[in-house]
Amino acid sequence: MADPEILLTNDDGIESTGFRALYEALSAVGTVTAVAPAADQSAVGRALSHNVEIHEHELGYAIEGTPADCVIAGLGTLVPDADLVVAGCNQGANLGAYVLGRSGTVSAAVEATFFDVPAIAVSLYVPVSEDTSYTDIDVELAAYDNAARATRYLADHALDAGVFERADYLNVNAPVPDQGGDGPAEMVVTEPSRTYMMDAERHDGEITLHDRIWELMGEGDIPDPEGTDRRAVVDGQVSVSPLTAPHTTEHHEALDALAETFTDSAD
């Protein structure tokens, strides 16, 4: 196909370093138009607004809204002929099945699928210690090299290769360059990890929610098996998970039986 029309969005905001990294990388592949939040909208999932303000920006458009708002505004009116939506690059990984509904980055990709537009969500794994949050780290542009290279490659080849005939969107997580050893990181196809290590502790009138997996990741000691997104990234590889949306349903005989006897159970 001809050079693709790419709608680029994110959840960290249009001025973020990771966003700029992808804009520059994708500009070598096609025509890129930014339609991204004017401010940080991390972890908002698919939250939606009714009206959003729009501002002209040197890269495209800044939206006073969520990533889902940006995709709908973009595909609905600003970039209606987009061939591909790319969301990212997020500062912080989006790994594991349980984060897919929380992430604004991934949610932007999911929103695009309802327009029948293929999408790629891209995130950077930033290793942190137990007492440090990835949001407290100043990540330089060069740290996104693996993420940018992988995104450029997929945007250039995945459409023609038929990848999106089976997958609605790709969830990409990349390590920082020094994790991948010498040279660019290897790309591997993965599935979202099912490992879940959230817990909660109560202290008087407050409850602290804690995801223990991040501490293990910082040490490189995780329970996730080979073939999962988290294992790949910890091992210094670029993880690509082909995913579908919306959520699938299956015929369920036990539920069918309950539905059939529902009216008989009325008091």
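The chain appears in an unreviewed UniProt entry as 5'-nucleotidase SurE from Halorientalis pallida. UniProt, in the comment section headed Sequence similarities (unreviewed entry), describes the chain in these words: "Belongs to the SurE nucleotidase family." Turning to the chain, the UniProt record has this under Catalytic activity (unreviewed entry): "a ribonucleoside 5'-phosphate + H2O = a ribonucleoside + phosphate".

Participant: Honestly, the sheet that holds strand β7 (residues 169–175) in this entry has me stumped. Any pointers?
Facilitator: Each strand in a sheet pairs with its neighbour through backbone hydrogen bonds, running either in the same direction (parallel) or in the opposite one (antiparallel). One open sheet accounts for nine strands, arranged β3-β4-β2-β1-β5-β6-β7-β11-β8; its pairing is mixed. Strands at the two margins of the open sheet, each flanked by one partner only, are β3 (54–57) and β8 (187–189). Adjacent strand axes in the sheet meet at a mean angle of 20° when their direction is disregarded. Across the sheet, helix α2 (residues 67–78) lies against β1 (5–9), β2 (31–37), β3, β4 (60–63) and β5 (84–91), angled at about 135° from β2, the strand it touches most.

Participant: Help me understand unusual backbone geometry, please; the structure alone is not making it clear to me.
Facilitator: Backbone phi values are negative for most residues with the exception of glycine, while trans is the configuration of most peptide bonds. Omega for the peptide link from Gly88 to Cys89 comes to 0°, which places this bond in the cis form. By the secondary structure assignment, Cys89 is in strand β5. Phi angles above zero are rare outside glycine, and Asp116 is one such case at about 60°. Relative to the assigned elements, Asp116 resides in the loop between α3 (104–113) and β6 (119–125). Owing to a relative accessible area of 73%, Asp116 belongs among the exposed residues under this scheme. Despite not being glycine, Asp204 has its phi angle at roughly 55°, a positive value. Residue placement: Asp204 occurs in the loop between β9 (198–203) and β10 (206–211).

Participant: It is not clear to me how the UniProt feature "binding site: a divalent metal cation" (unreviewed entry) in the chain should be interpreted in this structure. Could you clarify?
Facilitator: Look at the UniProt record and you will see "binding site: a divalent metal cation" (unreviewed entry) annotated at Asp11, Asp12, Ser42 and Asn90. In terms of the greatest pairwise C-alpha distance, the residues named above, spread along 80 residues, form a tight cluster of at most 8.8 Å across. Structurally, Asp11 is set in the loop between β1 and α1 (17–26). Apart from the residues within four sequence positions on either side, Asp11 is in contact with Pro37, Ala39, Asp40, Gln41, Ser42, Ala43, Pro67, Asn90, Gly104 and Thr105. Assignment of secondary structure puts Asp12 in the loop between β1 and α1. Sequence-distant contacts of Asp12, defined by excluding residues within four places in its chain, comprise Ala39, Asp40, Ser42, Cys89, Asn90 and Gln91. At a separation of 3.1 Å, a polar atom in the side chain of Asp12 contacts the side chain of Ser42.

Reading guide: rules and limits
Residues numbered from 1 in each chain as written. Predicted model: local features only at pLDDT ≥ 70, side-chain atom pairs only at ≥ 80, totals over all residues. Heavy atoms only, no water. UniProt positions renumbered as here; feature names shortened; annotations may be inferred. Pairing = 2+ DSSP bridges. Helix = DSSP H or I, 4+ residues; strand = E, 2+ residues; numbered from the N terminus. Axes fitted to C-alpha atoms, helices over the stretch in contact; angles between N-to-C directions. Contact = heavy atoms within 4.5 Å. Buried < 20%, exposed > 50% of the residue type's maximum accessible area, 1.4 Å probe, protein only. Polar contact = N/O pair within 3.5 Å; in protein donor to acceptor, adjacent residues only side chain to side chain.

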